[in-house]
Amino acid sequence: MSFPIVRNRRLRGTAALRNLVRETQLTVHDFIYPLFVTEGTGVREQIGSMPGVFHLSMDQLEAEIREVQALGIQAILLFGVPDHKDDLGSEAYGNHSIVQRATRAIKEWAPELLVVADTCLCQYTSHGHCGVIKHDERSNRTEVDNDLSLELLVQTAVSQAEAGADIIAPSNMMDGYVQAIRAGLDEAGFSHVPIMAYSVKYASAFYGPFRDAAHSAPQFGDRKTYQMDPANGREALREAESDVREGADLLMVKPALAYMDIIRQLKDQFDLPVVAYNVSAEYSMVKAAAERGWINEQAIVLETLTGLKRAGADIIITYHAKDAARWLAQ
Ligand code: PBG
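Residues numbered from 1 in each chain as written. Predicted model: local features only at pLDDT ≥ 70, side-chain atom pairs only at ≥ 80, totals over all residues. Heavy atoms only, no water.

Caption draft 1: Quick peek at the site of the ligand. Around the ligand, the structure places 16 residues, and the nearest of them are Arg211, Arg223, Lys254, Ser280 and Tyr319. Taking Lys254, its side chain carries an N or O atom lying 3.3 Å from a nitrogen atom of the ligand. Within the side chain of Tyr319, a nitrogen or oxygen atom sits 2.5 Å from an oxygen atom of the ligand. Protein contacts shield 100% of the accessible area of the ligand, which totals 400 Å² for the unbound molecule. When grouped by side-chain class, the residues that make up the shell around the ligand number nine nonpolar, three polar and four charged. (Near = heavy atom within 4 Å. Polar contact = N/O pair within 3.5 Å; in protein donor to acceptor, adjacent residues only side chain to side chain. Areas by Shrake-Rupley, 256 points an atom, 1.4 Å probe, with all protein chains shown as cover. Nonpolar A, V, L, I, M, F, W, Y, C, P; charged D, E, K, R; others polar.)

Structure follows, in structure tokens:
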């Protein structure tokens, strides 16, 4: 007995047909573009390991913001690179801290642009960890003090909201951070400000270039006691579940490309928007190969971002956002 050939190619014959049946549409509204703001004036310093990404001082920021807006990008993620670091990361939560100052300025230049504020201590602590460090005499262990760190992170989030941040994005991975920050924001009168929870954040080698960029590599140890083991998938659901219960508004998976199965699972299991963070090494590897002429950068980037959406991401944080916006507008 012979079976008829299944004519799967019938809907691929022309561009119009392909447009008609396309399942995933990538648009500029999907993107959040990360920016690194630093002290000083006249600083527009390219990050060595991230071609096309810059440290910008406040006076250089306005032009960048105008460019981002002109490209149709609606949201930026703001990281601070302060001059001063100390044990308690005090530059993170002061009213005159760099992210807070930049947020105020951006809100004047571009009130509709969404400012997503990174809420973490690692760029601000002298030891480079995401919280404050405590040495326990009895066990002779030096580790991140979860609950003390939470207090400082709440202060950071509240001061960012006061400065005008539209979304708080805590990337610190302390236990209970969503609940603590939610309570702090509510109490301070910011119950309308959403939390983008870094729910599923793996202890990943893909953050390498970012740590150069943010000068935030841990000075001792690593982040494995608070970030997740890349081998674990079910634990990701547990992390997301607890953030949902604590009041998260958006759920993030980070990094993106080695974790597309996790993006899909979060999409299927929860009804909150899913955010994929296409992290620094994912960007730098593409840039490096493109510089050598080994790949077609535009095609690779658009395929990657489309793949992330297809996997279930509603929002993509990506250093490719400006380029992708240009290509999508062609
Ligand atoms: C730390 C933070 C990291 C990134 C964003 N926030 C690095 C880390 O956890 O070590 C990585 C982003 C990237 O690699 O693009 N709070």
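Caption draft 2: Structural view of the state of the cysteines. Counted by the stated rule, this structure contains zero disulfides. Unpaired in this structure, Cys120 has its nearest cysteine sulfur neighbour in Cys130, at a distance of 3.7 Å. Relative accessible area serves as the criterion here: at 1%, Cys130 is assigned to the buried category. (Disulfide = S-S within 2.5 Å. Buried < 20%, exposed > 50% of the residue type's maximum accessible area, 1.4 Å probe, protein only.)

Caption draft 3: Structural view of the packing of aromatic side chains. On inspection of all chains with the given rule, the structure shows eight aromatic pairs. Measuring from centroid to centroid gives 5.4 Å for Phe36 and Phe79, while their planes differ by 20 degrees, and the two rings are stacked. Of this pair, Phe36 sits in strand 1 (residues 31-38) while Phe79 sits in strand 4 (residues 75-81); the two residues are 43 residues apart in sequence, bridging distant segments of the chain. Grouping residues by exposure puts Phe36 and Phe79 together as buried. (Phe/Tyr/Trp six-rings, centres within 6.5 Å; stacked < 30°, edge-to-face > 60°. Helix = DSSP H or I, 4+ residues; strand = E, 2+ residues; numbered from the N terminus.)

Caption draft 4: Highlighting the pattern of salt bridges. Summed over all chains, the structure comprises 16 salt bridges. Of the charged contacts in the structure, one is a salt bridge between Asp166 and Lys107, with a shortest N-O distance of 2.7 Å. Linking Asp166 in the loop between helix 4 (146-163) and strand 8 (167-170) with Lys107 in helix 3 (residues 98-109), this pair joins segments that are 59 residues apart in sequence. Judged by relative accessible area, Asp166 falls into the partly exposed class, the value being 24%. Taken together, the shared-partner salt bridges connect Arg44, Glu64, Glu67, Lys287, Glu297, Lys322, Asp323 and Arg326 into one network. (Salt bridge = Lys/Arg side-chain N within 4 Å of Asp/Glu carboxyl O.)

Caption draft 5: Inspection of the pairing of strand 11 (residues 274-278) at higher detail. Within strand 11, five of the five residues are buried, which leaves it mostly tucked inside the rest of the structure. Neither face of strand 11 is exposed, since Val274, Ala276 and Asn278 on one face and Val275 and Tyr277 on the opposite face are all buried. The pairing of strand 10 (residues 250-254) with strand 11 spans three bridges and is classified as parallel. Residue pairing across strands places Met252 opposite Val275, the latter belonging to strand 11. Assessed by its sense of winding, the connection that carries the chain from strand 10 through helix 8 (residues 260-269) to strand 11 is right-handed. As defined by bridge partners, strand 11 adjoins strand 12 (residues 315-318) across four bridges and the pair is classed as parallel. When the sheet's bridge partners are listed, Tyr277 is paired in strand 12 with Ile317. (Pairing = 2+ DSSP bridges. Right-handed = clockwise from strand over helix to strand, strands pointing away.)

Caption draft 6: Representation of the side chain of Thr38 within the structure. Of note, Thr38 is situated in strand 1. There is a polar contact of 3.0 Å between the side chain of Thr38 and the backbone oxygen of Val81. Apart from residues lying up to four places away in sequence, Thr38 is in contact with Val43, His55, Leu56, Ser57, Met58, Val81 and Ile98. (Contact = heavy atoms within 4.5 Å.)

Caption draft 7: Main features of the packing of helix 3 against helix 4. Between helix 3 and helix 4, the least distance of the axes is 8 Å, while the angle of their chain directions is 20 degrees. Considered as vectors, helix 3 and helix 4 are oriented roughly parallel to each other. In terms of crossing hand, the pair formed by helix 3 and helix 4 is right-handed. Residues Val99, Gln100, Thr103 and Arg104 of helix 3 form the contact with helix 4, whose participating residues are Thr156, Ser159, Gln160 and Ala163. Tallied by class, the residues present in the contact of helix 3 with helix 4 amount to two nonpolar, five polar and one charged. (Axes fitted to C-alpha atoms, helices over the stretch in contact; angles between N-to-C directions. Parallel < 35°, antiparallel > 145°, perpendicular 65-115°, else oblique. Left-handed = near helix turned anticlockwise from the far one by under 90°.)

Caption draft 8: The environment of Met228, seen in detail. Its location among the elements puts Met228 in the loop between helix 6 (208-214) and helix 7 (234-246). On a C-alpha basis, the gap between Met228 and Tyr202 in space is 4.2 Å, while along the polypeptide they are 26 residues apart. When near neighbours in sequence (up to four residues on either side) are disregarded, Met228 contacts Met173, Val200, Lys201, Tyr202, Ala203, Glu235, Ala236 and Glu239.

Caption draft 9: Examining the pairing of strand 6 (residues 133-136) more closely. Taken together, the four bridges between strand 6 and strand 7 (residues 141-144) define a ladder with antiparallel strand orientation. Looking at strand 7, one finds that Asp136 is bridged to Arg141. Counted along the chain from strand 6 to the antiparallel partner strand 7, the turn is four residues long, and its residue Asn140 has a positive phi close to 55 degrees.

Caption draft 10: Region of interest: helix 11 (residues 321-329). Those residues of helix 11 that sit buried are Ala321, Lys322, Asp323, Ala324, Ala325 and Trp327. In this fold, the buried residues of helix 11 make contact with strand 1, helix 2 (58-70), helix 9 (280-291), helix 10 (297-311) and strand 12.

Caption draft 11: Quick peek at the nonpolar core. Grouped together as the largest cluster of nonpolar side chains are 108 residues, with contacts concentrated most on Met196, Leu266 and Tyr277. For this core, the leading source of residues is helix 4, giving seven residues. In this structure Leu266 touches Val200, Ala236, Leu237, Ala240, Leu251, Val253 and Val274, once residues within four positions along its chain are discounted. (Core = buried A, V, L, I, M, F, W, Y, C linked by side-chain atoms within 4.5 Å.)

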